[in-house]
Amino acid sequence: MKPLYPILMERVVPIAMVIFLVLGSFQAAMALHLSLASIRHFMEWCAPAYPVMAAVSALLVLSGLWFDSRAEKLARKGIRRRRGWMMDVLARLTNRSALEEMLAREQKETVIDAEELAASLRARVIGQDQVCEDVATQLRRRLALQVRGKPVGIFLLAGPPGTGKTYLAKQLARQLDRPLLNFDMTQMSSPHAATQLFGSPKGYVGSDTYGKLTGGLKEKPDAVVLLDEIEKAHPDVFKKFLTAWNDGHVTEASTGQQISTVRCIFILTSNIATDALSEIADRLADEPDKMRAESVEALRQAGFAPEVLNRLDRIFVFRPLEGLDIARVSALEIEAMIDSYGLKVETGGIDPALLFEVMRRQGRMGPAASARDLARSIEDMISDSLITARQQGAKLVRVVQNEDGIVAEIADKGDAQQARISS
């Protein structure tokens, strides 16, 4: 039974207020010595204003009803605006309009320009134009889906080392303006390595912190997750990913919390079965469905985990670099190496003879001689000279090959002076 006092208060107080208003009105009339005749005369004098007052009152009522209905719609969208004499806390503490724009973008479906994305990737990933176009097309289709119970995409990038698989994943995250979660799966070769990614159960060492993958996805649910050299991970680690790819979530072991994976993109890279995959890609370039089936079979025969193969959305085969593509990648690697010393390469500052020697070496040794290894060997030769050039205040350098080997030269802006610093 409800208490009697609140019920009486709810029903008596409104009646009491009306009585007090009536009594107050009589008391005011007596204090002003007003008679019924004078009140009637005043009411007759105000009669012409009654239609105007009625119209204003009706307008106020209609405006209130419109505002109330409009405010409810905005509130349901989560972007109700509160303006006027009362300042919104968001307007006082942050940029409310920017926050509302972010919320509006979040609620809209994501549609990307596949041609623009493909062009950006082709300009940065050398020698893999077809892969760049296929990846862009797949992402455009999958990001446009409004209802999705699994990740945006689970893509395997297969092919020889040094052909740009990892680099493509990093560039993809940059072009899509998404955070990158990069995991080297060669470090996940033991059955206990899964705790690094998915956390430790309660009572075990490390159970007070989230795993690297679960914690990363909790903070950055739209990340690009790069699983580098996935074939080297332990089977127990593979099994932990199955729910992420099947059911659209991963479970943090320390808390049991399920973290969604439906907004992220999984990129897997692998170096196995490269010869077989390259042959299949060349032979079935115009038959994508058949190429996918034979690629899956080649990976299965090479020992790739079947449970992973069954959950891949697409397999993209990278081709070995040939001809000038080798020179392009080598030049970029040398440029990146010199940039790491705080210097810049002069325009046209890499000797063509050096790049030609790289191409000849690649032809003799095949895919085993990657451009990355070459850049390391060149760094060993000219690292001391690059350090000296930086100490002398140089900004631009050039790399040349002569009878003394590979040397670095300081180049000023006017190219009037140059100081040769040999390694």
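Fair warning: this is a prediction, and the values are worked out from it, not measured in the lab.

A closer look at the overall build of the protein chain
Here's step 1: Looking only at helices and strands, the protein chain features 17 helices and eleven strands.
Here's step 2: A buried classification covers 37% of the 423 residues belonging to the protein chain.
Here's step 3: Pairs at least 24 apart in sequence give 68% of the contacts found in the protein chain among residues at least 6 apart.
Here's step 4: Carbon and sulfur atoms provide 56% of the accessible area of the protein chain, an area that totals close to 25,800 Å².

Considerations on helix H8 (residues 165-175)
Here's step 1: All of the buried residues along H8 are Lys 165, Thr 166, Leu 168, Ala 169, Gln 171, Leu 172 and Ala 173.
Here's step 2: On its buried face, H8 sits against helix H6 (114-124), helix H7 (129-143), strand S1 (153-158), strand S2 (180-184), strand S3 (224-228) and strand S6 (265-270).
Here's step 3: Looking one or two residues beyond H8, the residue adopting positive phi is Asp 177, at roughly 55°.

Brief notes about the sheet that holds S1
Here's step 1: The strand order across the open sheet built from five strands is S2-S3-S6-S1-S7, with neighbouring strands paired in parallel fashion. The two strands at the open ends of the sheet, each matched to only one other strand, are S2 and strand S7 (314-317). Between one strand axis and the next, the sheet turns by 20° as a mean value, whatever way the strands run.
Here's step 2: Examined bridge by bridge, S2 and S3 share five bridges and lie parallel to one another. Residue pairing for S3: Leu 180 is matched across the bridge by Val 224.
Here's step 3: Sheet strands in contact with H7 are S1, S6 and S7, and its direction is about 160° off that of S7.

Quick word on the nonpolar core
Here's step 1: Of all hydrophobic cores here, the largest spans 45 residues; its most connected members are Met 185, Leu 227, Phe 241, Trp 245, Phe 266 and Leu 268.
Here's step 2: If you tally residues by element for this core, the top one is helix H11 (residues 235-246), at six residues.
Here's step 3: Dropping the residues within four chain positions of it, Phe 241 is found in contact with Met 185, Leu 197, Phe 198, Leu 213, Leu 227 and Phe 266.
Here's step 4: Of all hydrophobic cores here, the second largest spans 26 residues; its members include Leu 121, Leu 139, Ala 169 and Leu 226.

With respect to the environment of Ser 270
Here's step 1: Note on placement: Ser 270 falls in strand S6.
Here's step 2: Note: C-alpha distance between Ser 270 and Thr 166 (104 residues apart in sequence) is 9.8 Å.
Here's step 3: Excluding its chain neighbours within four sequence positions, the residues that come into contact with Ser 270 are Leu 156, Leu 157, Ala 158, Gly 159, Lys 165, Ile 230, Glu 231 and Phe 304.

A look at the environment of Thr 261
Here's step 1: Here Thr 261 is to be found in the loop between strand S5 (258-260) and S6.
Here's step 2: Judged by relative accessible area, Thr 261 falls into the buried class, the value being 0%.
Here's step 3: Measuring from C-alpha to C-alpha, the distance between Thr 261 and Val 250 comes to 7.0 Å, with eleven residues separating the pair along the chain.
Here's step 4: Discounting residues that sit within four places of it in the chain, Thr 261 has contacts with Pro 151, Leu 217, Ala 244, Gly 248, His 249, Val 250 and Phe 266.
Here's step 5: Engagement of the side chain of Thr 261 in a polar contact is seen with the backbone oxygen of Ala 244, the distance being 2.9 Å.

Some details on helix H13 (residues 288-301)
Here's step 1: Compared with the 20 Å implied by 1.5 Å per residue over 14 residues, the 20 Å span of H13 between its first and last C-alpha is a close match.
Here's step 2: The set of residues buried in H13 consists of Met 291, Ser 295, Val 296, Ala 298 and Leu 299. What you see down the axis of H13 is that its buried residues fit within an arc of 165°, all on one side. Turned more than 90 degrees away from the buried face of H13, the exposed residues are Asp 289 and Gln 301.

Points about the pattern of salt bridges
For side chains of opposite charge, pairing can occur when their charged atoms come near one another.
Here's step 1: All chains considered together, the criterion is met by eleven salt bridges.
Here's step 2: For Asp 313, the salt bridge identified is with Arg 142, shortest N-O distance 3.8 Å. With Asp 313 in the loop between helix H14 (306-309) and S7 and Arg 142 in helix H7, this pair connects stretches of sequence that are 171 residues apart.
Here's step 3: A relative accessible area of 14% places Asp 313 in the buried class.

Regarding a nonpolar patch on the surface
Here's step 1: A cluster of nonpolar residues, Leu 32, Leu 34, Leu 36, Ile 39, Phe 42, Met 43, Trp 45, Tyr 50 and Met 53, forms a patch on the protein surface that exposes about 1,000 Å² of accessible area.
Here's step 2: At the level of elements, helix H2 (36-45) and helix H3 (50-77) are the ones that each hand at least two residues to the nonpolar patch.
Here's step 3: Sorting elements by how many residues they give to the nonpolar patch places H2 first, with five residues.
Here's step 4: The residue Tyr 50 is located in helix H3 in this model.

Considering the UniProt feature "transmembrane region" (unreviewed entry) in the protein chain
Here's step 1: Using the residue numbers shown here, the UniProt feature "transmembrane region" (unreviewed entry) corresponds to residues 12-36 and 48-67.
Here's step 2: Across residues 12-36 one finds 84% helix and 0% strand; the C-alpha atoms that close the span lie 30 Å apart.
Here's step 3: Secondary structure across residues 48-67 divides into 90% helix and 0% strand, with the first and last C-alpha atoms of the span separated by 30 Å.

Criteria and cut-off values
- Residues numbered from 1 in each chain as written.
- Predicted model: local features only at pLDDT ≥ 70, side-chain atom pairs only at ≥ 80, totals over all residues.
- Heavy atoms only, no water.
- Helix = DSSP H or I, 4+ residues; strand = E, 2+ residues; numbered from the N terminus.
- Buried < 20%, exposed > 50% of the residue type's maximum accessible area, 1.4 Å probe, protein only.
- Contact = heavy atoms within 4.5 Å.
- Areas by Shrake-Rupley, 256 points an atom, 1.4 Å probe, with all protein chains shown as cover.
- Pairing = 2+ DSSP bridges.
- Axes fitted to C-alpha atoms, helices over the stretch in contact; angles between N-to-C directions.
- Core = buried A, V, L, I, M, F, W, Y, C linked by side-chain atoms within 4.5 Å.
- Polar contact = N/O pair within 3.5 Å; in protein donor to acceptor, adjacent residues only side chain to side chain.
- Expected span 1.5 Å × (residues − 1).
- Arc of directions from axis to C-beta.
- Salt bridge = Lys/Arg side-chain N within 4 Å of Asp/Glu carboxyl O.
- Patch = residues over 30% accessible without salt bridge, like charges linked within 9 Å, V, L, I, M, F, W, Y side chains within 5 Å.
- UniProt positions renumbered as here; feature names shortened; annotations may be inferred.

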